[in-house]
Amino acid sequence: NAGVTQTPKFQVLKTGQSMTLQCAQDMNHEYMSWYRQDPGMGLRLIHYSVGAGITDQGEVPNGYNVSRSTTEDFPLRLLSAAPSQTSVYFCASSYTGQGNTIYFGEGSWLTVV
Amino acid sequence: KNEVEQSPQNLTAQEGEFITINCSYSVGISALHWLQQHPGGGIVSLFMLSSGKKKHGRLIATINIQEKHSSLHITASHPRDSAVYICAVGGATNKLIFGTGTLLAVQP
């Protein structure tokens, strides 16, 4: 059981470049989400999905796009990378509703220069 | 003021000590999560609480819904417990509000 698989683990981008962070889970979870983690701040929600074909914005969505074509996959796209997007990104999944354990990916360290 | 406050922000302990990390929140919740993050590593769920107390090995988590407060205790601490411990709260939906974490260092 792989859990939540997130790639790449490390990436350096130049300002203006685009890239996609991949996230896949094999637990048939309906809820998937992307967070960014910055020093001195709690994890902040970027985008989330409650099922295939359904996505919505979180707290800090600007500069990011998501799609959910399958239950398993929830990629995060940076459209035109900016230094402010230098961060650690985490994908997470769980069954819908509160009271369910949340599973996180290993994280992706992104530096935009 | 943050909706989820953790204390202390940093904690250094000697191996074997009893450790308490606190989490206070100001919103109504359905569940509270305690998470562990090792340096440079991923995030692992330790506990999910909606009431009372849970125990797993040397870790104990308690929650007081009326006082909007939760504690994470580590008994007989060990250097491998060194990590960031994060409190997160959620309401009716899956959305979570995270604390900024408590950095714990356990020295041998």
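The structure under discussion appears in the preceding block.
Residues numbered from 1 in each chain as written. Chains lettered and ligands numbered in written order. Predicted model: local features only at pLDDT ≥ 70, side-chain atom pairs only at ≥ 80, totals over all residues. Heavy atoms only, no water.

> So what exactly am I meant to see when it comes to the state of the cysteines here?
Here a disulfide denotes a covalent bond joining the sulfur atom of one cysteine to the sulfur atom of another. Residue and element names in this part refer to chain A. Enumeration over the complete set of coordinates arrives at two disulfides over all chains. The disulfide partner of C23 is C91, and the gap between their sulfur atoms is 1.8 Å. Disulfide C23-C91: the torsion about the S-S bond is -70°, which places it as left-handed. Of this pair, C23 sits in strand β3 (residues 19-25) while C91 sits in strand β9 (residues 87-94), and the two are 68 residues apart along the sequence. (Disulfide = S-S within 2.5 Å. Helix = DSSP H or I, 4+ residues; strand = E, 2+ residues; numbered from the N terminus.)

> Which parts of the structure should I look at to understand the nonpolar core?
Considering soluble globular proteins, one finds that nonpolar side chains tend to be buried as a cluster. B:L32 and B:W34 are the most contacted members of the largest nonpolar core, which has 23 residues in total. Breaking this core down by element, the ones donating at least two residues are β3 (19-25), β4 (31-37), β5 (43-49), β7 (59-64), β8 (69-74), β9 (83-90) and β11 (102-107) of chain B. Of all hydrophobic cores here, the second largest spans 20 residues; its members include A:M19, A:M32, A:A81 and A:Y89. (Core = buried A, V, L, I, M, F, W, Y, C linked by side-chain atoms within 4.5 Å. Buried < 20%, exposed > 50% of the residue type's maximum accessible area, 1.4 Å probe, protein only.)

> Help me understand empty space enclosed by the protein, please; the structure alone is not making it clear to me.
Rolled over the atoms, a probe sized like a water molecule indicates the empty space that remains. Under the counting rule described, the total for this entry stands at one cavity of 30 Å³ or more. By volume, the largest cavity is sized at about 50 Å³. As for the largest cavity, its lining consists of A:S94, A:G97, A:Q98, A:N100, A:I102, B:H33, B:N94 and B:L96. When grouped by side-chain class, the residues that make up the lining of the largest cavity number two nonpolar, six polar and no charged. (1 Å grid on protein atoms, 1.4 Å probe; cavity = no way out; pocket = protein on both sides within 12 Å on 5 of 7 lines; lining within 4 Å. Points joined across faces, edges and corners; volume = space filled by probe spheres on them. Nonpolar A, V, L, I, M, F, W, Y, C, P; charged D, E, K, R; others polar.)

> How should the pairing of β9(B) be read in this particular structure?
The side chains of a regular strand alternate between the sheet's two faces. Residues and elements named next belong to chain B. With seven of its eight residues buried, β9 lies for the most part within the structure. Here seven bridges tie β4 to β9, and the two strands are oriented antiparallel to one another. Within β9, the residue paired with W34 across the bridge is C87. Examined bridge by bridge, β9 and β11 share three bridges and lie antiparallel to one another. Its bridge partner being in β11, Y85 is matched across the sheet by T102. Of the pairings in the sheet, the one linking β9 to strand β10 (residues 96-98) comprises three bridges and is antiparallel in character. What sits directly across from V89, in β10, is I97. Remark: five residues form the turn of the hairpin made by β9 and β10, two consecutive strands paired antiparallel. (Pairing = 2+ DSSP bridges.)

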